[in-house]
Amino acid sequence: MKHLTEEELIGEAFGERRGKSEAANEQHLATCAECAQAYAALQNDLAEVAPVEPPARDANYGERVWQSLAPSLAVYRADKRRWLRTGLWKGLSYAAACALLVACAFYAGRQWEQRQPHITVVKSAPPEVKQHVVLVVLSDHLDRSERLLVELKHADAGSTEMVSPMRDEARSLLAANRECRQNAKQIDDPALATALEHLDRLLGELANQPEGLNTATILRLQDEMNADGLLFKVRVLRSRIPDQQTTGTNRSKGGTI
Amino acid sequence: MHCMGKNDHEAIRAVLGGDKEAFGALVMRHSHSLFRVAFRITGNEADAEDVVQEAFLRGYRKLESFESRSDFGTWIYRIAVHCALDRIKSSRANEASRLAEETDPELDDVQVADLAAGPDRLLLSGEIGALQQTAMQSLTPTERTAFVLRHMEDCSTEEIGAALGIAPNAAKQAVFRAVQKLRFRLATLRVKV
Ligand SMILES: [Zn+2]
């Protein structure tokens, strides 16, 4: 008699779709004491990891989630802040594509002063192209900032060696952040301006630790960041720039928002 | 979570037509189920709340790509599962790099021994979650998520595959590996008692 494998037993326990083989398995289970015992042991183990009941949320939970999100969501509408909608930038003209390429190259390097000719190209582009470039650069900047903030949030204050790459990234982002703050003036968005200002402060502190980051500094920065809700703000701002506008950049982010 | 489909579609049309407030109804309707699955996957209240916010943000941003034939509840649920999986992947990565630094071969045993010291106490004080969490720690993020969806959320392997972006058979295998590992871990814990 061929006994059921563990995989088959698990399939039984989870009520996998009933096919021919499942029916045969069930029949075997009903008649074989050995398999019945193995099955009972499995059931027992699964009961040990019973479904967790999450801590209760009160009836207003959904309302609270909405209240915290609502102020940050852009209206789906073609109004004067059309950059929030897709479609406008869908067909990038050749000129815009060039300007985009230039902007990315400019952004990637910290030595932006040496690239004045390129910036001139961007500056001479039509206003809507210029704004698009600003948005692409901004979106990339927010992505990188978000990644750094996530790292900081999860940084283990005890192991300071791990955080020197973080400090280096903060230094690189600091220069870019100043650029973005300049550019953000074109967009006239108070939420963005405030977030970039907070980011500036935090990046400055992260970047300017001569002896590296110590435990106390990391803990303090984590507190500041949490009190400020900075990570969330950055995510919100990033989410307001639809992906369609930023395809073609050198974004390397994975699944995270 | 599938019962409000019609209202959901009306709300989505309103949002895309410029009525931002209409999204509020969707948030309020689906927050609890998203919180539940997020909590089960992350095992942590604060992370679960973050995941819920993130999921709705991503959902709002991608709303134009939502297919009107699909069910919004299922769609946003999958986004939340993704967010939760990302979350445990990134915290796992941090944990792994921390553990890599402390190359203590006995570390694993020490952790097991600590928790095995008082399973009765854990059970009696209602902290069954701690024992379960320890067992769950032996799973990879994908295995953990697949197992939670199968065992706690009653999802089919097809649904799990869709939520994780893998083939149903791969989802089934992930659940199988998860159960095997969990059983092994539970056996270890029992021996230590
Ligand atoms: Zn048998």
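The coordinates are above.
In this report, the structure presented in the accompanying data block is examined.

Reading the values: rules and limits
Residues numbered from 1 in each chain as written. Chains lettered and ligands numbered in written order. Predicted model: local features only at pLDDT ≥ 70, side-chain atom pairs only at ≥ 80, totals over all residues. Heavy atoms only, no water. Donors = N, O, S within 2.8 Å, 3.2 Å for Na, K, Ca; no water. Tetrahedral: all angles 85-135°; square planar, octahedral: opposite > 155°, others 65-115°. Helix = DSSP H or I, 4+ residues; strand = E, 2+ residues; numbered from the N terminus. Contact = heavy atoms within 4.5 Å. Buried < 20%, exposed > 50% of the residue type's maximum accessible area, 1.4 Å probe, protein only. Phe/Tyr/Trp six-rings, centres within 6.5 Å; stacked < 30°, edge-to-face > 60°. Buried area = accessible area lost by both parts, 1.4 Å probe. Salt bridge = Lys/Arg side-chain N within 4 Å of Asp/Glu carboxyl O. Polar contact = N/O pair within 3.5 Å; in protein donor to acceptor, adjacent residues only side chain to side chain.

A closer look at the coordination of the zinc ion
Residues and elements named next belong to chain A.
- The zinc ion binds to the protein through His3 (ND1), His28 (NE2), Cys32 (SG) and Cys35 (SG), with metal-donor distances spanning 2.0 to 2.4 Å.
- Around the zinc ion sit four donor atoms, and with donor-metal-donor angles ranging over 97 to 124° the site reads as tetrahedral.
- Here the donor residues for the zinc ion map to a single chain with the spacing H-x24-H-x3-C-x2-C. You can see histidine 3 sitting in the segment before helix 1 (6-13) and its partner cysteine 32 sitting in the loop between helix 2 (20-31) and helix 3 (33-48), a full 29 residues away along the chain.

Points about the side chain of threonine 145 of chain B
- In this fold, threonine 145 of chain B is placed in helix 8 (residues 141-152).
- The residues touching threonine 145 of chain B, leaving out its near neighbours within four places in the chain, are Ile41, Val81, Leu85, Ile88 and Leu164 of chain B.

Looking at the environment of isoleucine 160 of chain B
Residue and element names in this part refer to chain B.
- Here isoleucine 160 lies in helix 9 (residues 157-164).
- Look at isoleucine 160 and you get buried, because its relative accessible area is 0%.
- Separated by 14 residues in sequence, isoleucine 160 and alanine 146 have C-alpha atoms that sit 6.3 Å apart.
- Not counting chain neighbours up to four residues away, the residues in contact with isoleucine 160 comprise Ala146, Leu149, Arg150, Cys155, Ala171 and Val175.

Re the packing of aromatic side chains
- One pass over the structure, following the stated rule, counts nine aromatic pairs over all chains.
- The interplanar angle of 55° and the centroid separation of 6.2 Å between the aromatic rings of tryptophan 66 of chain A and phenylalanine 23 of chain B together place this pair among those described as tilted. Highlighted residues: tryptophan 66 of chain A in helix 4 (residues 61-69) and phenylalanine 23 of chain B in helix 2 (residues 22-42), drawn from two different chains. For the pair tryptophan 66 of chain A and phenylalanine 23 of chain B, one class covers both residues: buried.
- Ring geometry for phenylalanine 72 of chain B versus tryptophan 75 of chain B: centroids 5.8 Å apart, planes at 45°, classification tilted.

A short note on the interface of chain B and chain A
- With 56 residues of chain B at the interface, the matching set in chain A holds 57 residues.
- Here chain B packs against chain A, burying approximately 5300 Å² in sum over the two surfaces, 57% of which is carbon and sulfur.
- Looking at the side of chain B facing chain A, the largest losses of area belong to Leu57, Arg61 and Arg183 of chain B, adding up to 15% of the total buried there.
- Connecting chain B to chain A are six salt bridges.
- For the salt bridge of aspartate 45 of chain A with arginine 183 of chain B, the shortest nitrogen-to-oxygen distance reads 2.8 Å.
- Applying the counting rule to chain B against chain A returns 20 residue pairs in polar contact (both at pLDDT 80 or more).
- For the side of chain B that touches chain A, the secondary structure elements donating two or more residues are helix 1 (5-16), helix 2, helix 3 (45-61), helix 4 (72-101), helix 7 (128-136), helix 8, helix 9 and helix 10 (168-192) of chain B.
- Considering every element that reaches the side of chain B that touches chain A, the biggest residue donor is helix 3 of chain B, with eleven residues.

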